[in-house]
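# Tertiary structure, described
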Amino acid sequence: MILVTGGTGLVGAHLLYELVKQGKIVRALKRPDSDTGKVKKTISWYNRDYETIFEKIEWVDGDILDPHSLAEALDGVDQVYHCSGLVSFRKSDYKQLILTNQVGTANIVNACLQKDNVRLCHVSSVSALGRTKQGETVTESSYWKTSRNNSAYALSKYGAEREVWRAAEEGLEMFIVNPSVIIGPGDWKKGSSQIFNTVYRGIPFYTSGIMGYVDVRDVASIMVQLMESKISGERFILSSEDISNHQLFTMIAMALGKKPPAIQLLPWMAAVAWRVNLFFPLFGKQPTFTKEIARSAFNRYFFDSSKISKLLNYNFIPVKKSISDTANIFQKEIKKIQS
């Protein structure tokens, strides 16, 4: 039996589809108020028989912050994919980030340690890896560097990893995947999928930053392959390509039939923008352009994923195809709303 946490998220939903497609027996942990319809919709984007596939998922109510519910969810389980987590780049969410990402992960690994023969896949982030100097390449050997420039999200993911490594020392079979920014269809109003909605609405500016990107289907596929292996006590960077923000926005805009951004936003402009947005949010009640986002928009990061590529002889989906496929799904959803 396989247990998946965070099944209604971008990675979790695609992982559930991948597992059921392979004939695995799957149980997914959800909060009582979670919308499992998101998973059904995700599956429908890839398979016409989505109703049948969705029904094969066993849903159980629980919470990673409730150790008792985790003990029950792990009954009969020998593989755990921990995909649950909070993504936020607002300082005001620091306590919730630590609680969800670090304390929640501690609860998961502790529950796993109480069981025999459980393997854990922990979904982390490249944010949890050490910051390098601008232009240097991040590898699995990069180490964490304390800095006031580390975001609250990065701190929480680093803390979560420490819990997993601690559990490994106590005998837990585990491995960690560190995806870069994940591209794929999901909740168009939050997370990395939101960028498609943002570009669709129009984005005239771009920044000079560079970042790594990876297709969500690659992330799900690699996780399953690693789980089926005997590998333990290792981490793997998952990143297809490093591209500039200008390239990313341009490719998305072209795929959506929109005008690409043509104005380069300079650092001083971004500094003004996040301060203005702090008091006058551009969308909704919460600031969407924060100090952390403004700072990262000019960072130039490069990632080496050759370790996983060589191990599994794996070829990542090119970013251009990831964008094209995701844009096609986004446009179909827009047409449904408009019709």
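Residues numbered from 1 in each chain as written. Predicted model: local features only at pLDDT ≥ 70, side-chain atom pairs only at ≥ 80, totals over all residues. Heavy atoms only, no water.

## Concerning the sheet that holds strand β8 (residues 181–183)
Taken together, the three strands give an open sheet; going across it, the order is β8-β10-β12, and neighbouring strands pair in mixed fashion. Of all strands in the sheet, those bounded by a partner on one side alone are β8 and β12 (241–244). Strand after strand, the sheet turns through a mean of 45° between neighbouring axes, direction not considered. Bridging between β8 and strand β10 (residues 210–215) involves three bridges; their strand directions are parallel. (Pairing = 2+ DSSP bridges. Helix = DSSP H or I, 4+ residues; strand = E, 2+ residues; numbered from the N terminus. Axes fitted to C-alpha atoms, helices over the stretch in contact; angles between N-to-C directions.)

## What to know about the packing of aromatic side chains
With the rule as written, the count across this model stands at nine aromatic pairs. On the basis of an interplanar angle of 80° and a centroid distance of 5.0 Å, the ring pair of tryptophan 188 and phenylalanine 330 is categorised as edge-to-face. Highlighted residues: tryptophan 188 in the loop between β8 and α7 (194–201) and phenylalanine 330 in helix α13 (residues 319–338), separated in sequence by 142 residues. We note that tryptophan 188, like phenylalanine 330, is buried. Between tyrosine 314 and phenylalanine 316, the ring centres sit 5.4 Å apart and the planes meet at 70°, which makes this aromatic pair edge-to-face. Since its relative accessible area comes to 13%, tyrosine 314 is described here as buried. Using a relative accessible area of 14% as the deciding quantity, one classes phenylalanine 316 as buried. An aromatic cluster of at least three residues, connected via ring pairs, comprises Trp45, Trp188, Phe196, Tyr200 and Phe330. One cation-aromatic arrangement involves lysine 307 over phenylalanine 236; the distance from NZ or CZ to the ring centre is 4.6 Å. (Phe/Tyr/Trp six-rings, centres within 6.5 Å; stacked < 30°, edge-to-face > 60°. Buried < 20%, exposed > 50% of the residue type's maximum accessible area, 1.4 Å probe, protein only. Lys NZ or Arg CZ within 6 Å of the ring centre and 35° of its normal.)

## Section: the pattern of salt bridges
Applying the stated rule across the entire model yields 17 salt bridges. A salt bridge links aspartate 187 to lysine 38, with the shortest nitrogen-to-oxygen separation between them at 3.8 Å. Of this pair, aspartate 187 sits in the loop between β8 and α7 while lysine 38 is found in helix α2 (residues 37–44), placing the two residues 149 residues apart along the sequence. One salt bridge in this structure joins glutamate 161 and arginine 235, with 2.7 Å as the shortest N-O distance. Taken together, the positions of glutamate 161 in helix α6 (residues 152–169) and arginine 235 in strand β11 (residues 234–238) put the pair 74 residues apart, joining distant regions of the chain. Among the ionic contacts, a cluster of salt bridges with common partners joins Asp215, Arg217, Lys321 and Asp325. (Salt bridge = Lys/Arg side-chain N within 4 Å of Asp/Glu carboxyl O.)

## Remarks on a nonpolar patch on the surface
On the surface, Leu65, Leu99 and Val103 cluster together to form a nonpolar patch covering roughly 200 Å² of accessible area. Under the relative-accessibility criterion, leucine 65 is labelled partly exposed at 33%. (Patch = residues over 30% accessible without salt bridge, like charges linked within 9 Å, V, L, I, M, F, W, Y side chains within 5 Å. Areas by Shrake-Rupley, 256 points an atom, 1.4 Å probe, with all protein chains shown as cover.)

## A closer look at unusual backbone geometry
Here asparagine 117, not a glycine, exhibits a phi torsion of approximately 55°, which is positive. With respect to the secondary-structure elements, asparagine 117 resides in the loop between α5 (94–113) and β5 (119–123). By relative accessible area, which is 72% here, asparagine 117 ends up exposed. For asparagine 313, which is not glycine, the phi dihedral falls at a positive 50°.

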